[in-house]
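Observations on chain architecture
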Protein chains: 2
Amino acid sequence: MSEQNLHFDSPHKRLPDIADMAEAIRRGDRIKLGQAITLTESTRADHQIQARELINYCLPHSGKSIRIGVTGSPGVGKSTFIEALGSYLVNQNKKVAVLAIDPTSQISKGSILGDKTRMEKLSNHPLAFVRPSPAGESLGGVARKTREAIILCETAGYEVIFVETVGVGQSETAVHYMVDIFLLLLLPGAGDELQGIKRGIVEMADIIIVNKADGERLNLAKQARQAYANALHFLLPKESGWVPKFMTCSALYETGIAETWALIKSFNAFSKENLFFEKNRKQQAGYWFYQSLREGLERSFFENEIIKQQLKQAEAEVLEQKRSPFEAAQALLDFFLKSVK
Amino acid sequence: MSEQNLHFDSPHKRLPDIADMAEAIRRGDRIKLGQAITLTESTRADHQIQARELINYCLPHSGKSIRIGVTGSPGVGKSTFIEALGSYLVNQNKKVAVLAIDPTSQISKGSILGDKTRMEKLSNHPLAFVRPSPAGESLGGVARKTREAIILCETAGYEVIFVETVGVGQSETAVHYMVDIFLLLLLPGAGDELQGIKRGIVEMADIIIVNKADGERLNLAKQARQAYANALHFLLPKESGWVPKFMTCSALYETGIAETWALIKSFNAFSKENLFFEKNRKQQAGYWFYQSLREGLERSFFENEIIKQQLKQAEAEVLEQKRSPFEAAQALLDFFLKSVK
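Basis of the calculations
- Residues numbered from 1 in each chain as written.
- Chains lettered and ligands numbered in written order.
- Predicted model: local features only at pLDDT ≥ 70, side-chain atom pairs only at ≥ 80, totals over all residues.
- Heavy atoms only, no water.
- Helix = DSSP H or I, 4+ residues; strand = E, 2+ residues; numbered from the N terminus.
- Buried < 20%, exposed > 50% of the residue type's maximum accessible area, 1.4 Å probe, protein only.
- Contact = heavy atoms within 4.5 Å.
- Areas by Shrake-Rupley, 256 points an atom, 1.4 Å probe, with all protein chains shown as cover.
- Least-squares fit on C-alpha atoms with pLDDT ≥ 70 in both.
- Axes fitted to C-alpha atoms, helices over the stretch in contact; angles between N-to-C directions.
- Parallel < 35°, antiparallel > 145°, perpendicular 65-115°, else oblique.
- Left-handed = near helix turned anticlockwise from the far one by under 90°.
- Nonpolar A, V, L, I, M, F, W, Y, C, P; charged D, E, K, R; others polar.
- Buried area = accessible area lost by both parts, 1.4 Å probe.
- Salt bridge = Lys/Arg side-chain N within 4 Å of Asp/Glu carboxyl O.
- Polar contact = N/O pair within 3.5 Å; in protein donor to acceptor, adjacent residues only side chain to side chain.
- Expected span 1.5 Å × (residues − 1).
- Pairing = 2+ DSSP bridges.
- Phe/Tyr/Trp six-rings, centres within 6.5 Å; stacked < 30°, edge-to-face > 60°.
- 1 Å grid on protein atoms, 1.4 Å probe; cavity = no way out; pocket = protein on both sides within 12 Å on 5 of 7 lines; lining within 4 Å.
- Points joined across faces, edges and corners; volume = space filled by probe spheres on them.

Attention now moves to the overall build of chain A. A count of helical and extended segments in chain A gives 15 helices and 7 strands. When burial is assessed residue by residue, chain A has 52% of its 341 residues classed as buried. Counting only contacts in chain A whose residues sit at least 6 apart along the sequence, the fraction spanning at least 24 positions is 76%. Summing over all exposed atoms, chain A offers an accessible surface of approximately 15,800 Å²; the carbon and sulfur share of this is 53%.

At an RMSD of 0.0 Å, chain A and chain B line up after a rotation of 180° and a shift of 0.0 Å along the axis. Given the turn and translation reported, the copies of this chain are related as if by a two-fold rotation axis. When you check the interface residues of chain A against chain B, 98% turn up at the interface there too, and the contact is symmetric in its surfaces.

Residue and element names in this part refer to chain B. Interhelical geometry of helix 3 (residues 30-41) versus helix 4 (residues 45-58) gives an angle of 125° and a closest axis separation of 8 Å. One way to sum up the angle between helix 3 and helix 4 is to call them oblique. Like other packed secondary-structure pairs, helix 3 and helix 4 cross with a definite hand, here left-handed. Across the interface between the two elements, Ala36, Leu39 and Thr40 from helix 3 touch His47, Gln50, Ala51, Leu54 and Ile55 from helix 4. Class assignment for the residues of the contact of helix 3 with helix 4 results in 5 nonpolar, 3 polar and no charged.

Let us look at the interface of chain A and chain B. Contacts between chain A and chain B engage 50 residues on the former and 49 residues on the latter. A buried area of about 4,700 Å², summed over both sides, lies between chain A and chain B, and 70% of it is on carbon and sulfur atoms. Linking chain A with chain B are 4 salt bridges. Measuring nitrogen to oxygen at the nearest pair gives 3.0 Å for the salt bridge that ties A:Glu298 to B:Arg294. If you look at where chain A meets chain B, you find 8 residue pairs in polar contact (both at pLDDT 80 or more). Taken together, the elements giving at least two residues each to the side of chain A that touches chain B come down to helix 4 (45-58), helix 8 (139-155), helix 13 (276-302), helix 14 (305-319) and helix 15 (325-339) of chain A. Looking at the side of chain A that touches chain B, its residues break down into 23 nonpolar, 9 polar and 18 charged.

What follows covers helix 8 (residues 139-155) of chain B. Within an α-helix, residues lying three or four positions from one another point in the same direction, as the helix has 3.6 residues per turn. Residues and elements named next belong to chain B. The first and last C-alpha atoms of helix 8 sit 24 Å apart over 17 residues, in line with the 24 Å expected at 1.5 Å per residue. When you tally the buried positions in helix 8, you get 16 out of 17 residues, the bulk of the element. Positioned one or two residues after helix 8, glycine 157 has a phi angle of 90°, which is positive.

This next bit is on the pattern of salt bridges. Across all of its chains, the model carries 28 salt bridges over all chains by this definition. Notably, a salt bridge pairs A:Arg144 with A:Glu148, separated by 2.8 Å at the nearest N-O pair. Linking A:Arg144 with A:Glu148, this pair stays in helix 8, spanning 4 residues, or about one helical turn. Look at A:Arg144 and you get partly exposed, because its relative accessible area is 21%. Linking A:Glu320 and B:Lys282 is a salt bridge whose minimum nitrogen-to-oxygen distance equals 3.3 Å. Of the two residues, A:Glu320 is situated in the loop between helix 14 and helix 15 and B:Lys282 in helix 13 (residues 276-302); the pairing between them involves two chains. Given a relative accessible area of 46%, A:Glu320 falls into the partly exposed group. The exposure class of B:Lys282 is partly exposed, given its relative accessible area of 31%.

Moving on, we come to the packing of helix 14 of chain A against helix 15 of chain A. All names here are of chain A. Orientation of helix 14 relative to helix 15, taken along the N-to-C sense of each, is 170°, at an axis distance of 10 Å. In this view, helix 14 runs roughly antiparallel relative to helix 15, as classed from their interaxial angle. Like other packed secondary-structure pairs, helix 14 and helix 15 cross with a definite hand, here right-handed. Contact with helix 14, carried on its side by Ile306, Ile307, Gln310, Leu311, Ala314 and Val318, involves Pro325, Ala328, Leu332, Phe335 and Phe336 of helix 15 and no other residues of that element.

Let us now look at the sheet that holds strand 7 (residues 245-248) of chain B. Strand pairing in a sheet takes place through backbone hydrogen bonds and is either antiparallel or parallel in direction. All names here are of chain B. Strand order in the open sheet formed by 7 strands is 3-2-4-1-5-6-7, and the pairing between neighbours is parallel. Edge strands, defined here as strands with exactly one partner in the open sheet, are strand 3 (128-130) and strand 7. For this sheet the average axis-to-axis angle between neighbouring strands, irrespective of direction, equals 20°. Bridge count between strand 1 (residues 66-71) and strand 4 (residues 160-165): 5 bridges; the pairing is parallel. From the neighbouring strand, glycine 69 faces strand 4, where its bridge partner is valine 163. Along the sheet, helix 8 contacts strand 1, strand 2 (96-101), strand 3 and strand 4; its crossing angle with strand 2, the most-contacted strand, is approximately 175°.

Tallied over the entire structure, the rule returns 20 aromatic pairs over all chains. An angle of 85° between the planes, with centres 5.0 Å apart, marks the rings of A:Tyr287 and A:Trp288 as edge-to-face. Using a relative accessible area of 23% as the deciding quantity, one classes A:Tyr287 as partly exposed. Taking relative accessible area as the criterion, A:Trp288 reaches 3% and is therefore assigned buried. Residues B:Tyr177 and B:Tyr287 carry aromatic rings whose centres are separated by 3.6 Å and whose planes lie at 5° to one another, so their mutual orientation is stacked.

This part is about empty space enclosed by the protein. Residue and element names in this part refer to chain B. Scanning the entire structure with this criterion turns up 2 cavities of 30 Å³ or more. As for the largest cavity, its lining consists of Ile37, Glu41, Leu99, Ala100, Arg131, Pro132, Pro134, Lys145, Thr146 and Ala149. Looking at the lining of the largest cavity, the element that brings in the most residues is helix 8, giving 3 residues. Among the residues making up the lining of the largest cavity, the classes are represented as 6 nonpolar, 1 polar and 3 charged. In this structure, the second largest cavity spans a volume of roughly 40 Å³.

None of this, on its own, says anything about what the molecule does.
Encoded structure:
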């Protein structure tokens, strides 16, 4: 339906561009891929229409990668880890893309992947594509952009896609709902720092990796792995049927990297075998559909200029207990549903 | 605004009824109070308009009670506890109302307070008003009805209002957002059954009471109280500044009841002194306002007949990964916002 409208609106201009862009992406043109991601990040209305069309073009060519979520506290070495594992993979002739979700980057300016020198080796490799976290105020917006970037990268033939996130707010949950496998990186230090990591995040992890297992920390890291394994053996069985695995690695010295990849491949085979892989991707699509509906609905209401004014007044009356919150809400809703066209 | 409309719509019929009803409630007419609560529970559109008007009438006369939430696992003795404490209060000439939130009652038919014989002594007392859990499919609906029943009971001069809930789903959170103080009842049994109670619920509690501290269980109950106090000393400080208290009681033998009331009065004085009481009621009004807006918005969308049909089709396309969830959601939203009038 929306595609037909687009045909009608601009038979000579937009469509050839988008089709050309999609074809260039399919041929693996990195510059066009970068431009396409920028298009999906744009807030301009005409860009958004083009971006939706492009995504629908690419959708049938997407889905063939393994999507790997990577999380862990700041300083745990996520970027070094991804660079080590990514380099290992491009050396095996695999195409690797790295994306990030970091809703805090607008505030702190300390964006993950924002500093391009952090993955210098990987980002200069012809088989790798590294993209900083998109700008965006809301997690929902950032999540949409990242999920669309995944589709575009897959269309361009990237076989392994990393999505890096830092443990702030709900960003792990968002990443969890867009990847096939979820890695949690921890530091050697036997249990202490697990306190800082929310239980829900630990429960999402398919592989828990104690990083920085090198030099003097090697034994400490091994002890930590064992302590985590002991502490977490009571975790509920996962829907995938996969039992979480515990590892040590040194991203810096590149030890444990091949083993991590072997485990990821083993998870991949396991979840494809028992059909969880496909089921999970379907559930994720459903999740984002309903999530987008709810967010869009709220945005259309709370960002409506007339509602904004009335809301302020109504809220004040409610807080002063001059008006029932239910009655005030209903009156505002009635007004909104009558006024939108 | 809505009041003016009502004046205009029905100058001779509705308003006198509602004004009469409100006056009767203020005089303490229990039959009219019961009818008024039934009116707020009705799904008929004209009843709902009348109910809103009635609530706005009563609002200035409400708010003067202490609202007490009571939760605990099934079998812990919530009803017996409320009957014992309620009887203690009516014997001191206090007016006591008992309400309930039980969103499961529609399914299990095992409604709390549904069996009227369970609080026979209290419900027959002229100073007490006992009302079963309202029917309603959604927690939001049940919560609104209960909160409006609180306002009506306060208008009728009830000074102590109990809201009983059973630990299912989000009902504790709902009750927590409508009471001044939250009591958690536990059984003697030293820590074991705390496993079954969600941490969030324990964190809401202002007073944790080990019930059934009688006969052979007396020592066990005292040990349990100590065990809970030890296990829970690490709880974060509450926004109210109140440090949760631990007690034992026997609702059956009516021991510890006077002490519980003394603690409730002490909390009441403390939270009024440090102004948390008023602040909390304001925050709660704001919570229900935004909660109602969000729920009403979603209901208007997801229960729209045309949307229902389109949603099914769109969801299927999304799950088959033929369509981007974001694009499909946006198309549905665009359609909805254009079509509603």
